[in-house]
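# Descriptive analysis of the structure
Below are the chains, spelled out letter by letter.
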Amino acid sequence: MITHEVSLAQLGHWFQKEKRDFPWRRTPTPYRVWISEVMLQQTQSARVVLYFEEWMRRFPSVSDLAKATLEEVLKVWEGLGYYSRARALHEAAKFLLQEYDGQIPREVYELEQLKGLGPYTIAAIRAFGFHERTAAVDGNVMRVLTRLFEIQEDITKAKTQKMLRSLADRILPEKESWVYAEALIELGATFCKPKAPLCTLCPLQNQCQSYANKTQESLPLKTKKVQYETLFRKVLVIISGTHILLKKGIAGKVMADLYEFPYFDCGKERLDQRQMQKKISREFSLQAHFLQDLEEVKHSFTRFRVTLYPTVYHVPLSKDVPGYSWHALSDHALLTFSAGHKRILTQLLIHRGALSICSRL
């Protein structure tokens, strides 16, 4: 058990002076804290700012979010990735409207009822939204604590994470604890970085055991590493007149409710166009004509690293294709695309004027 004591006084002074200005920090209501924390999961804060502000314009309250359609919610979320987060927010908002009259509860057992909320998000809502004395321990805080106390335990293990949450709660001061809870997060995000930490500028430098022993860059310990799988996919951008062929993700799957162009797995090289046209004819019963290759797109989701090879084809006569549907290109703003296919769509919109005679986009 960690028995060393620290003073976070200097950390508090540093935070009040140096903290970054984010919209969710200006008026940290429980709702705004909840939305921002979910958006910040696996997403850089600078990227979240624009999404957060647009979200608050569209859904300024739990009630507004609950009454919106899932399609509306996913469209505002489009581009942030990990869409299960948006679905969970929508489902939780409907639950709150029904069970709590649209108010966010403050007790742990009540917050645990909400879909998508884990220990960190619950703690963040209670600390920053309700000013409860509790620490929100994310990866940043775990890194700060393991270095500050030179903890040689694997932070991927539940036992270590539980210990770190307990430790963080214990070292928080009684007065304005929420300030110090957020300061720990800020320190990990800005100074106590995973690589090349700015130790000489750190307000806790004089108390940091790993700095004293020169072990800071070896901490925290992580034994479990994510193994990524590389995929290559041929994407068929099939157009007919003013319409494009799309498929909507199936509920329960990774890309549920998101639109994508037809695709299939392939190797690193683009396939011969004649082979492609035969494949389109065989699998979609469409007579396609090659128009243009678009730039390859690289994107990631869950444990996959994917390279997309998009090619535009024109179909003089559209037909029903099982599992797919034709959509007017002019309606693209109403449809929510997966991240990689959104970038392909953007290319299509840029090049549509040059897509020659047949397409007439």
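Right above here is the structure, for reference.
Residues numbered from 1 in each chain as written. Predicted model: local features only at pLDDT ≥ 70, side-chain atom pairs only at ≥ 80, totals over all residues. Heavy atoms only, no water.

The biggest cluster of nonpolar side chains holds 98 residues, and the ones touching the most others in it are Y31, W34, I35, W55 and F261. Considering every element that reaches this core, the biggest residue donor is helix 9 (residues 119-130), with 8 residues. Excluding residues that lie within four positions of it along the chain, Y31 makes contacts with W55, M56, F59, P60, S61, V62, L65 and I104. Within the second largest apolar cluster, 13 residues are counted, among which are L236, L245, M276 and V315. (Core = buried A, V, L, I, M, F, W, Y, C linked by side-chain atoms within 4.5 Å. Buried < 20%, exposed > 50% of the residue type's maximum accessible area, 1.4 Å probe, protein only. Helix = DSSP H or I, 4+ residues; strand = E, 2+ residues; numbered from the N terminus. Contact = heavy atoms within 4.5 Å.)

So, on to the environment of K248. Tracing the chain through its elements places K248 in strand 2 (residues 243-248). Owing to a relative accessible area of 34%, K248 belongs among the partly exposed residues under this scheme. Sequence spacing of K248 and E110 is 138 residues, and the spatial spacing of their C-alpha atoms is 35 Å. When sequence neighbours within four positions are dropped, the list of residues in contact with K248 reads E71, D257, L258 and Y259.

Inspection of the secondary structure puts S45 in helix 4 (residues 45-58). Discounting chain neighbours no more than four positions away, the residues touching S45 are R20, F22, W24 and L40.

The subject of this paragraph is the packing of aromatic side chains. Tallied over the entire structure, the rule returns 13 aromatic pairs. Ring centres 5.3 Å apart and planes at 70 degrees place the aromatic pair F284 and Y324 in the edge-to-face group. One end of the pair, F284, is in helix 14 (residues 273-284); the other, Y324, is in the loop between strand 7 (304-314) and strand 8 (325-328), and 40 residues separate them in sequence. In textbook terms, an aromatic cluster arises when at least three aromatic residues are bridged by ring pairs, as seen for F22, W24 and F52. Here the basic side chain of R305 rests over the ring of Y228, its NZ or CZ set 3.5 Å away from the ring centre. (Phe/Tyr/Trp six-rings, centres within 6.5 Å; stacked < 30°, edge-to-face > 60°. Lys NZ or Arg CZ within 6 Å of the ring centre and 35° of its normal.)

On to the pattern of salt bridges, then. Here the idea is simple: oppositely charged side chains can pair when their charged atoms come close. Within the structure shown, the criterion is met by 16 salt bridges. Here D265 and R233 are joined by a salt bridge, their closest N and O atoms 3.0 Å apart. Placement of D265 in strand 4 (residues 263-265) and of R233 in strand 1 (residues 229-240) is noted, with a sequence separation of 32 residues between them. R233 gets classed as buried once you look at its relative accessible area, which sits at 14%. The closest approach of N and O atoms between E296 and K298, which form a salt bridge, is 3.5 Å. Residues participating in the shared-partner salt-bridge network are R20, R25, E182 and E186. (Salt bridge = Lys/Arg side-chain N within 4 Å of Asp/Glu carboxyl O.)

It is at 9 Å that the axes of helix 4 and helix 6 (residues 70-77) come closest, and there the two elements cross at 155 degrees. Looking at the two axes, helix 4 sits roughly antiparallel to helix 6. On helix 6, the residues touching Y51, E54, W55 and R58 of helix 4 are E72, V73, V76 and W77. Residues of the contact of helix 4 with helix 6, tallied by class, amount to 5 nonpolar, no polar and 3 charged. (Axes fitted to C-alpha atoms, helices over the stretch in contact; angles between N-to-C directions. Parallel < 35°, antiparallel > 145°, perpendicular 65-115°, else oblique. Nonpolar A, V, L, I, M, F, W, Y, C, P; charged D, E, K, R; others polar.)

What follows deals with the pairing of strand 2. Strand direction decides the pairing type here: strand 1 and strand 2, joined by 2 bridges, are antiparallel. Counted as the bridge partner of S240 is H243 from strand 2. Connecting strand 1 to the antiparallel partner strand 2 that follows it, the hairpin turn spans 2 residues, and G241 within it adopts a positive phi of roughly 65 degrees. In the sheet, strand 2 pairs with strand 8 via 4 bridges, with the strands oriented antiparallel. Following the sheet pairing, H243 is matched in strand 8 by A328. Where strand 2 meets strand 3 (residues 259-260), 2 bridges bridge the pair, whose relative direction is antiparallel. Paired with K248 across the bridge in strand 3 is Y259. (Pairing = 2+ DSSP bridges.)

Turning to the pairing of strand 1, a few remarks are in order. Taken residue by residue, a regular strand's side chains alternate between the two faces of the sheet. Most of strand 1 is tucked away, with 10 of its 12 residues classed as buried. Two strands pair when backbone bridges link them, and strand 1 and strand 7 are joined in this way by 11 bridges, in the parallel orientation. The residue of strand 7 that forms the bridge with E229 is F304. The pairing of strand 1 with strand 4 spans 3 bridges and is antiparallel.

Enumeration over the complete set of coordinates arrives at 0 disulfides. Here C192 is not disulfide-linked; the sulfur of C202 is the nearest cysteine sulfur, at 6.3 Å. Under the relative-accessibility criterion, C192 is labelled buried at 11%. In this structure C199 is a free cysteine whose sulfur lies 6.3 Å from that of C208, the closest cysteine sulfur available. Accessibility expressed as a relative area gives 15% for C199, which makes it buried. (Disulfide = S-S within 2.5 Å.)

Burial within helix 3 (residues 30-40) is extensive, with 10 of its 11 residues counted as buried. Among the residues of helix 3, those classed as buried are P30, Y31, R32, V33, W34, I35, S36, E37, V38 and M39. Directly after helix 3, the chain includes Q42, whose backbone phi takes a positive value near 60 degrees.

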